[in-house]
Amino acid sequence: MKIAIVGGGIGGMALALALHDAGLDDVEVFESAPAVKELGVGINVMPHAVRELAELGLLDDLTAVGVPTTEFVLYSKHGQRIWGEPRGLAAGYRWPQLAIHRGELLGVLHRAVLERLGPARVHTGHHLARFGQQDGKVWGEFIDRQRGAAAGRVEADLLVGCDGVHSVVRQALYPNEGPPNWNGITMWRGVIEGKPYLTGRSMLMAGYSGRQLVVYPISKRLEDQGRALINWVAEFKTADGRPMPMQDWVHTARHEDALAPFATFGFAFLDVPALIRGAAAIYQYPMVDRDPLPTWDFGRVTLLGDAAHPMYPVGGNGASQATLDARVLARELALQPSIEAAVAAYDAERRPASAAVVLTNRAGGPERPLDLVEERAPDGFAHIDDVVSQEELEEIATAYKRTAGFDPETLNNRPSLSVRAASGHLPRAGTAPPG
Ligand SMILES: Cc1cc2nc3c(=O)[nH]c(=O)nc-3n(C[C@H](O)[C@H](O)[C@H](O)COP(=O)(O)OP(=O)(O)OC[C@H]3O[C@@H](n4cnc5c(N)ncnc54)[C@H](O)[C@@H]3O)c2cc1C
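Below or above, wherever it landed, is the structure these notes cover. Just so it is clear, the structure is predicted and the values come from calculations on it, not from any experiment.

## Some words on the overall build of the chain
From N to C terminus, the chain includes 13 helices and 18 strands. Taken against the 2.2 N^0.38 rule, which gives 22 Å for 435 residues, the C-alpha radius of gyration of the chain at 21 Å falls within 12% of a compact globule. Counting over 435 residues, the chain shows a buried share of 56%. Expressed as a percentage of contacts within the chain between residues at least 6 apart in sequence, the contacts between residues at least 24 apart total 75%. As displayed, the chain has an accessible area near 17200 Å², and 51% of this comes from carbon and sulfur atoms. Measuring between centres, the 42 positive side-chain charges of the chain sit 3 Å from its 52 negative side-chain charges.

## Section: the packing of helix α9 (residues 318–335) against helix α10 (residues 339–362)
Two elements in contact, α9 and α10, have axes whose closest approach is 8 Å; the angle formed by their N-to-C orientations is 160°. In terms of their interaxial angle, α9 and α10 are classed as roughly antiparallel. Where α9 crosses over α10, the handedness of that crossing is right-handed. Between α9 and α10, the contacting residues are Q321, L324, D325, V328, L329, R331, E332 and L333 on the first element and I339, A342, A345, Y346, E349, R350, S354 and V357 on the second. A class-by-class count of the residues in the contact of α9 with α10 yields 9 nonpolar, 2 polar and 5 charged.

## Details of the packing of helix α11 (residues 368–376) against helix α12 (residues 390–404)
The geometry of α11 relative to α12 is characterised by a closest axis approach of 10 Å and an angle of 145° between their N-to-C directions. Here α11 contributes R368, P369, L372 and R376 to the contact with α12, which in turn contributes E392, L393 and I396. For the contact of α11 with α12, the class distribution of residues is 4 nonpolar, no polar and 3 charged.

## Here we look at the pairing of strand β15 (residues 211–217)
For β15, the buried fraction is high: 7 of the 7 residues fall into the buried class. Residues R211, L213, V215 and P217 line one face of β15 and the alternating positions Q212, V214 and Y216 line the opposite face, and both faces are buried. Relative to β15, strand β14 (residues 202–208) is paired through 5 bridges, and the arrangement is antiparallel. By the bridge assignment for β15, Y208 is matched with R211. Hairpin connection from β14 to β15: 2 residues lie between these consecutive antiparallel strands, with G210 at a positive phi of about 105°.

## Focus: the layout of surface pockets
Considering only enclosed or pocket space, the second largest pocket measures out at about 280 Å³ in volume. Lining the second largest pocket are 18 residues, with L324, R350, A404, G405 and R414 sitting closest to its centre. For the lining of the second largest pocket, the elements supplying multiple residues, two or more each, are α9, α10, α12 and α13 (408–413). For the lining of the second largest pocket, the element with the most residues is α10, which contributes 4 residues. Its residues assigned to classes, the lining of the second largest pocket comprises 8 nonpolar, 5 polar and 5 charged.

## As for the sheet that holds strand β12 (residues 158–161)
Ordered by their spatial adjacency, 5 strands build an open sheet running β8-β2-β1-β12-β18, and the pairing between neighbours is parallel. In this open sheet, the two strands that pair with only one neighbour each are β8 (122–123) and β18 (301–303). Looking at chain direction, strand β1 (residues 3–6) and β12 are connected through 4 bridges and run parallel. The partner of I3 across the bridge, within β12, is L158. The strands touched by helix α1 (residues 10–21) are β1, β2 (27–30), β8 and β12; relative to β1, the strand with the most contacts, the crossing angle is about 160°.

## Here we look at the nonpolar core
I3, I5, L15, L19, L58, V169 and L333 are the most contacted members of the largest nonpolar core, which has 79 residues in total. The contact partners of I5, leaving out residues within four places of it in the chain, are G12, L15, A16, L19, V27, E28, V29, F30, V160 and C162. Listed in part, the 55 residues of the second largest apolar core include I82, F262, L370 and L372.

## Remarks on α12
The terminal C-alpha atoms of α12, which comprises 15 residues, lie 21 Å apart, in line with the 21 Å expected from a rise of 1.5 Å per residue. Among all positions of α12, only L393, I396, A397, Y400, K401 and A404 are buried. The buried side chains of α12 occupy one side of the element, clustering within an arc of 125° when seen end-on. Those residues of α12 that are exposed and aimed more than 90 degrees away from the buried face are E391 and R402. Just past α12, the residue G405 takes up positive phi, approximately 95°.

## Quick word on α9
Its 18 residues place the ends of α9 26 Å apart at the C-alpha level, agreeing with the 26 Å of an ideal helix rising 1.5 Å per residue. Across the 18 residues that make up α9, a large majority, 16, are buried.

Each value, and the rule that gives it
- Residues numbered from 1 in each chain as written.
- Predicted model: local features only at pLDDT ≥ 70, side-chain atom pairs only at ≥ 80, totals over all residues.
- Heavy atoms only, no water.
- Helix = DSSP H or I, 4+ residues; strand = E, 2+ residues; numbered from the N terminus.
- Rg over C-alpha atoms; globule rule 2.2 N^0.38 Å.
- Buried < 20%, exposed > 50% of the residue type's maximum accessible area, 1.4 Å probe, protein only.
- Contact = heavy atoms within 4.5 Å.
- Areas by Shrake-Rupley, 256 points an atom, 1.4 Å probe, with all protein chains shown as cover.
- Lys, Arg positive; Asp, Glu negative; His and termini not counted.
- Charge placed at Lys NZ, Arg CZ, Asp CG, Glu CD.
- Axes fitted to C-alpha atoms, helices over the stretch in contact; angles between N-to-C directions.
- Parallel < 35°, antiparallel > 145°, perpendicular 65-115°, else oblique.
- Left-handed = near helix turned anticlockwise from the far one by under 90°.
- Nonpolar A, V, L, I, M, F, W, Y, C, P; charged D, E, K, R; others polar.
- Pairing = 2+ DSSP bridges.
- 1 Å grid on protein atoms, 1.4 Å probe; cavity = no way out; pocket = protein on both sides within 12 Å on 5 of 7 lines; lining within 4 Å.
- Points joined across faces, edges and corners; volume = space filled by probe spheres on them.
- Core = buried A, V, L, I, M, F, W, Y, C linked by side-chain atoms within 4.5 Å.
- Expected span 1.5 Å × (residues − 1).
- Arc of directions from axis to C-beta.

Below you can see the structure in the form of structure tokens.
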């Protein structure tokens, strides 16, 4: 079974590794960029995705670079603490939650793909231009965008669009969909080396949607030196009278743009304007998502990750949901009697599950208490219980974990998604998986 993966980002690389683990080795990854570059800033890998990556043998590599988050805290714009909860191992999960540089996460996945599948399986400078299905096969044609020349053609049994929020595959399957939905919020992102704050491993959200700050440390190396590489995201509603900012991960912004809405933001334990001023580069991106799709099941073509379900980066679930997609698709391809049956089973399991996260994120996800406090007590509060009860706060936190697939008890006890663990079945390809 030959599988063409379109897009060598987090989802595409995770899929290549999951397929290999499931005994499906005839896999080619086609990446539009001229090289797999370790771009981006901070990203979260939640325990449900860390479990999958751990089962793929990557835990040591990931914990060598990322920071295991130990708490999730919410503060008002006045710097008043609203909520705090333990995360990762501190919350009783069997796997950590990791805050990591997106480039380093991609690096870990990419190196594992090169080692396990071989460098000849990764084709950079291959931007999918067209694809189609014929006689039970699927074909794809690629261009090298840098040279403006044809880059080749592939024939495969399955083509998986892992080509991100601007997916060419999705656009061909849903030609009338148009651009992603923008909620009017611009996100500026940067990193800065600084002193550890709070527990040293705290994920902090402050303000309210429309004027919010997200901060977490992402470097184990700096932590070992008693320092922190602090990742920050400053989110501000800029829609009024302004066009949607560029939607790429290389577009940088001026420091003053990001600083203006947060100049008076501050906490006793963190100097917010200094975070923004000190970042070497500030990346700018609109907060976008797309409506859930009616199907990802196109026979021998399907979608995965942001191509399938781009979501607001609320609750840190984009990379994690892509990882779950990868593991479920690989399992179904190994166990189902046909590719069509595997794609249908994958669609039935992952599409509704990820759609629920998209919709919950639109409503604020686990950060919803920030908006409740802003609505109910814009001038601050004497005690948080006067504004929102502990029960309400707990219910929001618990409901989000359930929806996104990281309720601790369920995650700790659910069976593995690994084909190797599914007793009584052999991978379809007939190749014994390693280990
Ligand atoms: C350069 C970059 C930097 C990012 N930085 C951050 C960050 O700092 N923080 C964060 O939270 N999220 C970031 N993201 C988004 C994040 O990686 C995703 O939301 C999430 O991990 C889901 O991964 P994905 O593989 O579905 O999409 P992505 O990680 O976006 O990967 C999609 C891949 O497909 C490739 N591609 C696109 N079109 C084609 C085509 N036609 N043919 C072949 N290949 C194609 C892209 O070059 C990319 O490598 C970044 C994405 C990119 C591309």
